[in-house]
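Secondary and tertiary structure notes
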Amino acid sequence: MAFTFAAFCYMLALLLTAALIFFAIWHLVLPEYLIHFFFCVMFLCATEWLTLTLNLPLLAYHVWRYTSRPVMSGPGLYDPTTIMNADILAYCQKEGWCKLAFYLLSFFYYLYGYVFSSSRLFTPDYFLI
Amino acid sequence: MSTAGFNSQNGTGTGQTYANGPTQNPVALQQTPGVGYSMNHQQAYNPMQAKAPAPPGPGLYPSGPYQPIPPISSYLLGPQVTSYPSSPGHPLLTRPPMGATPSHTPPLSASPIPGPRMPPAQATPPPPAVSSSSYYQNPQQPMAPVWQYNAATPPMGPAPSMNTPPRGPVTNHVNQAAGLAGPLPQSAAVYSSAPPPHMSSRPAQFSGPGLPPTSMHGYTQPGTAPPPMAPQAYQPVRPAYGPPPTGPPSSMKPTLPPTGTSVASATPPPPNVDAQCGGVVPNVLPPTEPDFQEGDIECPGTVAGNGPQAANSYNHVDNRMAGPTQPAPPGRHLGHYPSLPPGYQNTSAPPVNPPMHPAMQAATQPYTQAPQPFQQPPGGPGPAQLSPSMAAMSLQSNTPEALRVVNLLQERNLLPPSPVSAPTPCLPQDLQKLNCSPEVFRSTLTSIPQTQALLNKAKMPLGLLLHPFKDLSQLPVVTSSTIVRCRSCRTYINPFVSFLDQRRWKCNLCYRVNDVPEEFMYNPVSRSYGEPHKRPEVQNATIEFIAPSEYMLRPPQPAVYLFVLDVSHNAVETGFLSVFCQSVLDNIDALPGDSRTKVGFITFDSTIHFYNLQEGLSQPQMLIVSDIEDIFLPTPDSLLVNLNECKELVQDLLKSLPSLFEKTMETQSALGSALQAAFKLLSPTGGRMSVFQTQLPNLGVGALQSREDPNQRASSKDIQHLSPATDFYKKLALDCSGQQVAVDLFLLSAQYCDMASLGCISRYSAGSVYYYPSYHHRHNPAQVERFQKDLKRYLTRKIGFEAVMRIRCTKGLSIHTFHGNFFVRSTDLLSLPNVNPDAGFAVQMSIEENLDDMQVVSFQAALLYTSSKGERRIRVHTLCLPVANSVSDIFAGADVQAITGLLACMAVDRSVTASLSDARDAMINASIDSLSSYRQFALTIQQPGLLAPTCLRLFPLYILALLKQKAFRTGTSTRLDERMFAMYQLKYQPLAFAMLMIHPALYRVDDLTDEGALNINERTIPQPAILQLSVEKLSREGAFLMDAGTVMYLWIGRNCHPNFLTQVLGVPNYAALPDNLYLLPELDTAESQRTRAFIGWLRDQRPFFPSLHIIRDESQLKPVFMQSMIEDRTESALSYYEFLLHVQQQISK
């Protein structure tokens, strides 16, 4: 078989992370959270523990961030009455830059992971002897 | 002419009047609000607290004796005017009120533990002695240097002073003056000499007499006479205290002694004060009255007042706009001090008792000389080369009054007997004279730190407190087709810009050079050409422009008022409807507006009732909409009608409304739907929506649940439910804000109403919130009276529609958080659908870039609004503050009231976003942090005890008052709504009123005399001294008035003098005093007139109506009164002394 589930996950994550990079810049928080959650689940299914561990802190942060959002009846994270306070604005922007950095790094990590997990399959058995 | 008023306040006349205050000491005045100070940080700091007690420098002690700063003077302190601190509720008192004096002392003195007080003994005593000497010096010095300077070497003054002085900041200011003064070069030079005072220590050398502390001016003078007395009185005291609690508080044992002594010690100050007051106080007060009068008087004649002004300025020392502006700086000095000769003689000039002086002077001189030698060394080599000890000494000797060290644990009675006034920034006099009134625009630090690092070091919050739409009795209004603004940052031209030449000016915020338009060259006031710097825009820090059409997005809206009334059974039961209708009927002609004014009414219970008032109908038509889920307007055109055309129908409706719902049995309330309907009705025009609600809304959208558990009211654990339960009201408020609709909420309820959720509707739409707990037309007459008076004010006060406010500040500073009621539309733009004259705002700032090469920074608040007459207007306030580069200068400029006000705002935010205990900790940490950093960085002589600079001596007291304030107290039963309301008020009230709510003023009123009384409009208003909030100050024989802002309590002692009972209260004896008395009978006796005049005067000063409760021992309200005794211990809160010990312990940890 040319393709494992893990390799598929990595490939998917690779593509989605590219999207996340833009979302982090534009502060599309809800899609970002969903996508990130989605491939975390995929990695869980693929039993890629190391990758999952690397993503767990961010996942936990997202959960915390969303649960501690201001009282709001609809979905959303930013409160229009406070977002313009320079300190909150600065925090949100800093958060965006940090995530951008994280996603950029993980992009290359997934690329490597994809190549690694799929190359293992192509490796002839006699190499392993 | 408003300008004039300002000037007098700020400074022109000031020279002498202010003397007490800050003006003269540049350093003293500086305030530094700690910007970057986040509450979080504070906490973080805690652990960090400086543990090291700071080893005493070698030179320290020696320097001590030389200190010019009179210890005594602290008592004299300037705080004459402005704010009346007050705070409402507090924990229960453990102690019996009466027995007080004796019993109390123990706790206070309590910490006898004081083990090793040796040092104190040494340290402290010297000051008194010294002080006396210093005393003289100061007075002389200030005057002398200035004059000599001016006369002798005007040109030199500025330059040398700038560079030479070791204390960079001060000097800088001076320099600035020179540089900035731009418009008037000559004047600048003159001024520079004047202000430098503190700096002057160095400059002084040149001049000869060069005495260190300039600031003392006014101060010293008055003080001169009394000083000798005071010190002596004091010294005896010290021994008594002797053992004071240096160490950790440990257990409080009542070892301590002689209260008597302590009292005695306390007493001395008053005399001094009085001396000053004689001159000063009266002056201060008069101006107040005009405040509330409305009306912008267009006054072309900025200049007009000049001549007389000088005289006036004296009278109206402090606040308000009484004095006229003086355009011409140079002449000014002379005018003011004409009689003063240069040199020492000046001292005697001051109004206070001259007889003493000669002797004093003689005594002084030796001392004065002594300090000089010390200073000189520094002068020669330059400040930088000073050895630390030398630096310390010179610092000490120069210390302005604001920095005089006060050991809070030893000196009691620090509360000044008259209201605390705002410190004056240490700016050159010509700038200061033009500066914005502190009532309108105030900074927590009057000296802005040069860098964020410096600010972090000082650990004080940096921020501004504004009251931008305050009623001003005089306000220059300019009509012109072009409003001159900076082309890059859009700053309005203001008094602090510099003119490079006649045709170019340099913006003081972004430093861009702009052209002066042709039109601006002509001065309409003087009708002269070619003097752009004499235009009213450049002579007034507060000014109003009539805006041309570029400032309109749409034609100015008419005044539109919509009243939304709860008519459920509960509402009818309270009986507010008849009071409301009567008030509107009475004031219908006084509603601000023009011929386009519109009004409308909506009532609601479980359905929404609209009233068709269209012209032509014979009587109002009620339309009921019961589909509250999908609300619609039955006849959109005829619900809001022109007031002038349909006045009779409106009056008919108001007359019939109260009876219309008399029999209603409907108990539900669909407030949410009613608000939506009202929003729909108002959204095409914008306007004001006044909502009267008496119960928790429980039907339809926006329905709320009761969240309060009455058993938790007194819990000392965290208070829950401070944040809104739903965002419905917030979202609706934002919609309203977008359509220029403001919602004012009147909550009249005995039950829990969820103020936290409902308040959002006003908070984000720039409305105001009024709360009348337990309102009932029969059972609670005091509330009814308050409601009536508030309504009257509410209906008739000025109003601005579709307003926005932008606050700009000099490049390098940035605003990061706003407090108040508004919606923040972009990082520096506040959207205010309505703006009213009673709204205050606060902002926090940070320093993003170093302000290295600046001597001053400016802040400008511009409020663009539509007046009720349909005019688009811009009101611009500009504040100019010096930049300081040393921690001690920043401390010297701290404005303790502004800091307290800003911290209160920050703490409200913190309690909502985090928790109440978090907020309380943060406030405590704020006081610990600033005092410990004072000790660490600004204090040169380490002494035991809890040391604070004079300007911050009330800080721990105010913090404690905040902790015991309704908003933040724990452990005392407080209803959630009242707590939330108190929080709203802290954020929304202008500082002067917020301070009264935090720290009430206590007066003894059974022995009012005309001595030192004010005379306003031929009424004599007695001025009793403000007492400390301690039961110790009460006596059974007296009657005491506590003014807590929105409420006043008159406490009658059991053995109160029968004269007072009969002449003022109209009862034969104490037992005959009725239980629920809330009115003073109008008796025709001198005592009664005095008392009523005093209370009436207090009431006139504020836009809301404080109800008066007369309390005797058995009254229900007595616990409330006793809880306001902030300095006493209660079951759940520390006494002031214990709190100080706690702070000290934390600092020395």
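From a predicted model like this one, the values you see are computed outputs, not experimental measurements.

It is worth spelling out the overall build of chain A at this point. Along chain A, the regular secondary structure elements total five helices and zero strands. Counting across all 129 residues of chain A, residues that qualify as buried make up 37%. Taking as baseline every contact in chain A between residues at least 6 positions apart, the subset at least 24 positions apart corresponds to 68%. When the accessible surface of chain A is totalled, it reaches about 7,600 Å², and 79% of it is carbon and sulfur.

All right, on to the environment of Glu662 of chain B then. Tracing the chain through its elements places Glu662 of chain B in the loop between helix H28 (647-660) and helix H29 (671-682). Spatially, the C-alpha atom of Glu662 of chain B lies 21 Å from that of Leu699 of chain B, the residues being 37 residues apart in sequence.

Backbone-to-backbone hydrogen bonds join strands into a sheet, with any given pair of strands oriented parallel or antiparallel. Residues and elements named next belong to chain B. Reading across the sheet, the five strands line up as S31-S28-S32-S33-S34 and stay open at both edges, with mixed pairing between neighbours. Of all strands in the sheet, those with a lone pairing partner are strand S31 (1026-1027) and strand S34 (1107-1111), marking the two edges. Sheet topology note: the strand S33 (residues 1047-1052)/S34 ladder contains five bridges and is parallel. In the strand pairing of S34, Leu1050 is matched with Ile1110. Relative to the sheet, helix H40 (residues 1086-1100) contacts strand S28 (1001-1004), strand S32 (1039-1043), S33 and S34, its axis offset from that of S32 by approximately 5°.

Turning our attention to the interface of chain B and chain A. Facing 17 residues of chain B, the contacting portion of chain A comprises 11 residues. Summed over both partners, the interface of chain B with chain A buries about 1,100 Å², with 55% contributed by carbon and sulfur atoms. Put simply, chain B and chain A have one salt bridge between them. Asp79 of chain A is the partner of Lys730 of chain B in a salt bridge, and the nearest nitrogen-oxygen pair spans 2.5 Å. Here chain B and chain A share five residue pairs in polar contact (both at pLDDT 80 or more) between them. Of all the secondary-structure elements, those providing two or more residues to the side of chain B that touches chain A are helix H30 (728-738), strand S21 (813-819) and strand S22 (823-826) of chain B. For the side of chain B that touches chain A, the residue count by class is eight nonpolar, five polar and four charged.

This part takes up the domain arrangement of chain B. Put simply, an interface is often sized by how much accessible area is lost when its parts join up. Residue and element names in this part refer to chain B. Each assigned domain of chain B is listed with its residue range as follows: domain 1 (429-552 + 801-894), domain 2 (560-704 + 722-797), domain 3 (895-999 + 1126-1148) and domain 4 (1000-1125). Between domain 3 and domain 4, the C-alpha centre-to-centre distance is 28 Å. Taking both sides of the interface into account, the surface hidden between domain 3 and domain 4 amounts to around 1,200 Å²; carbon and sulfur atoms contribute 56%. On the surface where domain 3 and domain 4 come into contact, there are zero salt bridges. Joining domain 3 to domain 4, the criterion identifies nine residue pairs in polar contact (both at pLDDT 80 or more). Here the element with the most residues in the side of domain 3 that touches domain 4 is helix H38 (residues 991-998); it accounts for four residues. Grouping the constituent residues of the side of domain 3 that touches domain 4 by class yields five nonpolar, four polar and four charged.

It is worth spelling out the UniProt feature "domain: Sec23/Sec24 trunk" (unreviewed entry) in chain B at this point. The UniProt record annotates "domain: Sec23/Sec24 trunk" (unreviewed entry) at residues 556-795 of chain B. The distance separating the terminal C-alpha atoms of residues 556-795 of chain B is 21 Å; by composition the span is 33% helix and 20% strand.

Below, the discussion takes up the packing of helix H34 (residues 896-913) of chain B against helix H35 (residues 916-938) of chain B. Residue and element names in this part refer to chain B. Following both chains from N to C, one finds H34 and H35 inclined at 150°, their axes separated by 7 Å at the closest point. As the angle between them shows, H34 and H35 are arranged roughly antiparallel. Crossing of H34 over H35 shows right-handed handedness. Here Leu903, Ala907, Arg910 and Ser911 of H34 lie close against H35, whose contacting residues are Leu916, Asp918, Ala919, Ala922, Met923 and Ala926. Classifying every residue of the contact of H34 with H35 by side-chain character gives seven nonpolar, one polar and two charged.

Taking the numbering used here, the UniProt-annotated feature "transmembrane region" (unreviewed entry) corresponds to residues 7-29, 35-64 and 100-117 of chain A. With 100% helix and 0% strand, residues 100-117 of chain A has its two end C-alpha atoms placed 25 Å apart.

Here we come to the confidence of the model for chain A. Taken over all residues, the pLDDT of chain A has a mean of 87, while the share at 70 or more is 90%. Per-element averaging of pLDDT across chain A places helix H5 (residues 125-128) of chain A at the bottom with 58 and helix H3 (residues 49-67) of chain A at the top with 94.

Together, Phe22, Ile25, Trp26 and Leu28 of chain A line one region of the surface with nonpolar side chains, adding up to about 420 Å² of accessible area. Here Phe22 of chain A shows up in helix H1 (residues 5-26).

All right, on to the UniProt feature "domain: Gelsolin-like" (unreviewed entry) in chain B then. In this numbering, the UniProt entry assigns the feature "domain: Gelsolin-like" (unreviewed entry) to residues 1021-1095 of chain B. Between the end C-alpha atoms of residues 1021-1095 of chain B there is a gap of 9 Å, over a span that is 24% helix and 19% strand.

All names here are of chain B. For Ser858, the position within the fold is in strand S25 (residues 856-867). Within polar-contact distance, the side chain of Ser858 engages the side chain of Asn508 at 3.0 Å. Among all residues touching Ser858, those that are not within four sequence positions of it are Phe496, Asn508, Leu509, Arg808, Cys809, Thr810, Leu879 and Cys880.

Let's shift gears to the sheet that holds strand S7 (residues 504-506) of chain B. Residues and elements named next belong to chain B. In space, the three strands of this open sheet follow the order S6-S7-S8, with antiparallel pairing throughout. What marks the edges here is a single partner per strand, and that holds for strand S6 (498-501) and strand S8 (513-515). Within this sheet the neighbouring strands show an average axis-to-axis angle of 35°, counted without direction. Here three bridges tie S6 to S7, and the two strands are oriented antiparallel to one another.

Of all residues in chain B, 65% have pLDDT values of 70 or greater, and the mean over the chain is 71. Overall, residues 1-397 of chain B carries pLDDT values under 50, and its contacts beyond four positions in sequence, including any with other chains, amount to 1021 contacts.

Turning our attention to the packing of aromatic side chains. Residues and elements named next belong to chain B. In total, this model carries 41 aromatic pairs over all chains according to the counting rule given. Here Phe563 and Phe601 contribute two aromatic rings whose centre-to-centre distance is 5.4 Å and whose plane-to-plane angle is 20°, an arrangement assigned as stacked. With Phe563 in strand S12 (residues 560-566) and Phe601 in strand S13 (residues 598-604), this pair connects stretches of sequence that are 38 residues apart. Residue Phe563 is classed as buried on the basis of its relative accessible area of 1%. When the centroid spacing of 5.9 Å and the interplanar angle of 10° are considered together, the rings of Phe576 and Phe692 count as stacked. Here Phe576, found in helix H27 (residues 576-587), pairs with Phe692, found in strand S17 (residues 687-693); they are 116 residues apart in sequence, far enough to count as distant. Grouping aromatic residues by their ring pairs yields a cluster made of Phe563, Phe576, Phe580, Phe601, Phe692, Phe746, Tyr770, Tyr772, Tyr775, Phe787 and Tyr794. In this arrangement the basic side chain of Arg485 is found over the ring face of Tyr492, its NZ or CZ atom lying 4.2 Å from the centre. Residue placement shows Arg688 over the ring face of Tyr794; its charged tip is 4.2 Å from the ring centre.

Another point: unusual backbone geometry. Look at His27 of chain A: it is not a glycine, yet its phi comes out positive at around 60°. Tracing the chain through its elements places His27 of chain A in the loop between H1 and helix H2 (29-45). The exposure class of His27 of chain A is partly exposed, given its relative accessible area of 27%. Phi is positive for Tyr511 of chain B, close to 70°, though the residue is something other than glycine. Relative to the assigned elements, Tyr511 of chain B resides in the loop between S7 and S8.

Moving on: the nonpolar core. As a rule of thumb, soluble globular proteins bury nonpolar side chains together. All names here are of chain B. Ranked by size, the top nonpolar core spans 219 residues in total, and within it Met689, Phe859, Phe968, Leu1041, Ile1052, Leu1065 and Phe1121 carry the most contacts. Ranked by residue count, the leading element in this core is H34, at 10 residues. If we ignore the near neighbours within four places in the chain, the residues touching Phe859 are Phe441, Ile448, Leu464, Arg808, Cys809, Leu813, Met845, His877, Thr878, Leu879 and Leu881.

The next thing to look at is the pattern of salt bridges. Residue and element names in this part refer to chain B. Scanning the entire structure with this criterion turns up 37 salt bridges over all chains. Arg793 serves as the salt-bridge partner of Asp838, at 2.6 Å between the closest nitrogen and oxygen. Taken together, the residues Asp838 in the loop between strand S23 (829-835) and strand S24 (841-847) and Arg793 in helix H32 (residues 781-796) connect sequence positions 45 residues apart. Judged by its relative accessible area of 14%, Arg793 falls in the buried class. One connected set of salt bridges, linked through shared partners, spans Arg1054, Arg1112, Asp1113, Glu1114 and Lys1118.

Compared with an ideal rise of 1.5 Å per residue, which puts 12 residues at 16 Å, H29 of chain B spans 16 Å between its outermost C-alpha atoms and is within 8% of the ideal. Summarising burial for H29 of chain B: 10 of the 12 residues are buried, a large majority.

What counts and what doesn't
- Residues numbered from 1 in each chain as written.
- Chains lettered and ligands numbered in written order.
- Predicted model: local features only at pLDDT ≥ 70, side-chain atom pairs only at ≥ 80, totals over all residues.
- Heavy atoms only, no water.
- Helix = DSSP H or I, 4+ residues; strand = E, 2+ residues; numbered from the N terminus.
- Buried < 20%, exposed > 50% of the residue type's maximum accessible area, 1.4 Å probe, protein only.
- Contact = heavy atoms within 4.5 Å.
- Areas by Shrake-Rupley, 256 points an atom, 1.4 Å probe, with all protein chains shown as cover.
- Pairing = 2+ DSSP bridges.
- Axes fitted to C-alpha atoms, helices over the stretch in contact; angles between N-to-C directions.
- Buried area = accessible area lost by both parts, 1.4 Å probe.
- Salt bridge = Lys/Arg side-chain N within 4 Å of Asp/Glu carboxyl O.
- Polar contact = N/O pair within 3.5 Å; in protein donor to acceptor, adjacent residues only side chain to side chain.
- Nonpolar A, V, L, I, M, F, W, Y, C, P; charged D, E, K, R; others polar.
- Domains from an automatic or database assignment.
- UniProt positions renumbered as here; feature names shortened; annotations may be inferred.
- Parallel < 35°, antiparallel > 145°, perpendicular 65-115°, else oblique.
- Left-handed = near helix turned anticlockwise from the far one by under 90°.
- pLDDT = per-residue confidence, 0-100.
- Patch = residues over 30% accessible without salt bridge, like charges linked within 9 Å, V, L, I, M, F, W, Y side chains within 5 Å.
- Phe/Tyr/Trp six-rings, centres within 6.5 Å; stacked < 30°, edge-to-face > 60°.
- Lys NZ or Arg CZ within 6 Å of the ring centre and 35° of its normal.
- Core = buried A, V, L, I, M, F, W, Y, C linked by side-chain atoms within 4.5 Å.
- Expected span 1.5 Å × (residues − 1).

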